[in-house]
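Coordinate inspection notes
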Amino acid sequence: MDDEREYRFAVDEVGENGTPDPIGEEIEALRSADPEPGSPSIEGTVFVTLGALVTAVLLLMLAGFI
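My aim in this report is to walk through the structure given alongside it, one point at a time.

So, how was this worked out
- Every chain's residues receive numbers from 1 upward, in the order its sequence appears when written.
- Local features in a predicted model are, by the rule used here, given only for residues with pLDDT of at least 70; side-chain atom pairs are given and counted only at 80 or more, and totals for whole chains, interfaces and linings are based on all residues.
- Excluding hydrogens and water, the side-chain values take into account all heavy atoms of the structure.
- Secondary structure follows DSSP: runs of H or I at least 4 residues long count as helices, runs of E at least 2 residues long count as strands, and numbering of each begins at the N terminus.
- Here the term buried applies to any residue with accessible area under 20% of the maximum for its type, exposed to any over 50%, and partly exposed to those in between, with areas from a 1.4 Å probe on protein chains only.
- All accessible areas in this document rest on Shrake-Rupley with a 1.4 Å probe, and a residue is counted as covered only by the protein chains that are shown.
- A patch consists of residues whose relative accessible area exceeds 30% and which take part in no salt bridge; residues with like charges are grouped when within 9 Å of each other, and nonpolar side chains (Val, Leu, Ile, Met, Phe, Trp, Tyr) when within 5 Å.
- A carboxyl oxygen of Asp or Glu within 4 Å of a side-chain nitrogen of Lys or Arg is what we treat as a salt bridge.
- Here, two residues are considered to be in contact whenever any of their heavy atoms come within 4.5 Å of each other.

**What about the overall build of the chain?**
Helix and strand counts for the chain stand at 2 helices and 0 strands. In the chain, which comprises 66 residues, the proportion classed as buried is 0%. Accessible surface, the chain as shown: approximately 6,600 Å² in total, 61% of it carbon and sulfur.

This is the structure in structure tokens:
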């Protein structure tokens, strides 16, 4: 066998038993995909607003203004 041959897969592309890892390829494809922007939901907007208000009140309480 020739020690200078090129490998078909890189070390991080194969599983523990030396076979290709299709799940790893799928995860990498999902990581590189750009998410598409969408419109915010009412529920998400309410929770973000509520969280911002609670944080502001807590910071004001810690600073001694309330």
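**Quick look at a nonpolar patch on the surface**
Together, Phe-47, Leu-50, Val-54, Val-57, Leu-58, Leu-60, Met-61, Phe-65 and Ile-66 make up a nonpolar patch on the protein surface, roughly 930 Å² of accessible area in all. Structurally, Phe-65 can be placed in the segment after helix H2 (42-63). Here Phe-65 falls in the exposed class, since its relative accessible area comes to 66%.

**A closer look at the environment of Leu-60**
Summarising the element assignment, Leu-60 is placed in helix H2. Setting aside anything within four residues of it in sequence, one finds Leu-60 in contact with Phe-65 and Ile-66.

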